[in-house]
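Per-entry structural report
Here is what each chain is made of, one letter per residue.
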Amino acid sequence: MLRVENLVVRYGPIEAVKGISFEVGQGEIVSLLGPNGAGKTSTLAALMKLIVPQAGTITLAGEDISAVGAAQIVRRGMTLSPEGRRVFPRLSVEKNLLLGGMVLKDWRNPEVLNRMYARFPILHERRNQLAGTLSGGEQQMLAIARALMSSPKVLLLDEPSLGIAPKIVAENFDLICELRDEGFTILLVEQNVFQSLSISDRAYVLENGRIVASGDSDDILKSDLVRHSYLGVA
Ligand code: ATP
């Protein structure tokens, strides 16, 4: 569903992503793991063209989207729930949601919004509240719901459990599994390595802008690299 070949991201002299290749199959959850500064966020931002990659080929559902801009990528079925949630704090919950679908022609169609409220009743309850007044967990829910408003095929999730209470983190992971079961294709960036590997089908480990390990999540979980470096297991 998503194929990335030789992706390079550079900030001036810094090469943050050094020619990585990976793929995410239809209906898979794939984890992109790695320490701070490994290039995970840069990778997701480049896929969405929030930053322009220096090189690389990106294919979405069989179409080359390497030269396609952000709004068009959303229309073609890929969205990002960004790190730090980035909800618009001074806009209502409902306006935040509507913004997620705004690049679509029929963005005012109430059906999509109603479907979202049916899935996330708390957001319905709080629809007129300013997004900045929601709890961290609710803001995360809003960020994912906003990403779903454009009815994507592929969801990029950047650190959905960062700064969220442990109980809500578990709910978040449940939600990601539900989305996969409904047919969404998910690329998941997480610091929470154990939980991320537990729910994903496959994983890539990024270090210093390069992929240093990849494979089935079960195998990555058992690998020495991940056990030593990320899980603190001797
Ligand atoms: P984190 O978990 O801390 O977000 P990450 O794996 O997502 O880490 P990136 O945020 O993609 O990593 O950063 C990769 C590298 O690019 C780092 O060396 C970082 O300092 C650098 N970098 C990221 N954003 C910028 C920027 N806007 N300008 C310059 N360098 C940047």
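Above this note sits the structure.
Summarised in this report is the structure supplied together with it. As the structure is a computational prediction, the values presented were derived from the model and not from experiment. (Residues numbered from 1 in each chain as written. Predicted model: local features only at pLDDT ≥ 70, side-chain atom pairs only at ≥ 80, totals over all residues. Heavy atoms only, no water.)

**Comments concerning unusual backbone geometry**
Applied cut-off: Think of it this way: any DSSP run of H or I at least four residues long counts as a helix, any run of E at least two long counts as a strand, and we number them from the N terminus.
A positive phi angle, close to 50 degrees, is found at E159, a residue other than glycine. Looking at the element boundaries, E159 is found in the loop between β7 (154-158) and α7 (166-181). Unusually for a residue other than glycine, N208 sits at a positive phi of about 55 degrees. Its location among the elements puts N208 in the loop between β9 (202-207) and β10 (210-216).

**So, helix α6 (residues 136-148)**
Put simply, the rule reads: Helix span is expected to be 1.5 Å times the residue number reduced by one. Exposed residues in this analysis have more than 50% of their type's maximum accessible area, buried residues have under 20%, and partly exposed residues fall in between, with area computed by a 1.4 Å probe over protein chains only. Here, residues are in contact when the closest pair of their heavy atoms is within 4.5 Å.
For α6, spanning 13 residues, the distance from its first C-alpha to its last is 18 Å, which sits close to the expected 18 Å at 1.5 Å a residue. Most of α6 is tucked away: twelve of the 13 residues are buried. Of the residues making up α6, those classed as buried are G137, E138, Q139, Q140, M141, L142, A143, I144, A145, R146, A147 and L148. The elements touched by buried residues of α6 are β6 (78-81), α3 (93-101), α4 (110-119), α5 (121-125), β7 and α7.

**Focus: the site of the ligand**
Convention followed: In this text, near means that some heavy atom of the residue lies within 4 Å of the molecule or strand in question. Residues adjacent in sequence count toward polar contacts only when both atoms are side-chain atoms; beyond that, a polar contact is any pair of N or O atoms within 3.5 Å, and within protein one must be able to donate a hydrogen and the other to accept it. Areas reported here follow the Shrake-Rupley algorithm with a probe of radius 1.4 Å; residue values treat only the protein chains shown as occluding. Throughout this entry, Asp, Glu, Lys and Arg are counted as charged residues, while Ala, Val, Leu, Ile, Met, Phe, Trp, Tyr, Cys and Pro are counted as nonpolar. The remaining residues, Gly among them, count as polar.
Inspection of the region around the ligand gives 13 residues, with G37, G39, K40, T41 and S42 positioned closest. A distance of 2.7 Å is found between an oxygen atom of the ligand and a backbone nitrogen or oxygen belonging to G37. E83 places a polar side-chain atom, nitrogen or oxygen, 3.4 Å from an oxygen atom of the ligand. Protein coverage of the free-state accessible area of the ligand, which is 630 Å², stands at 62%. Looking at the shell around the ligand element by element, the count peaks at three residues for helix α1 (residues 40-47). A breakdown of the residues in the shell around the ligand according to their chemical character gives four nonpolar, six polar and three charged.

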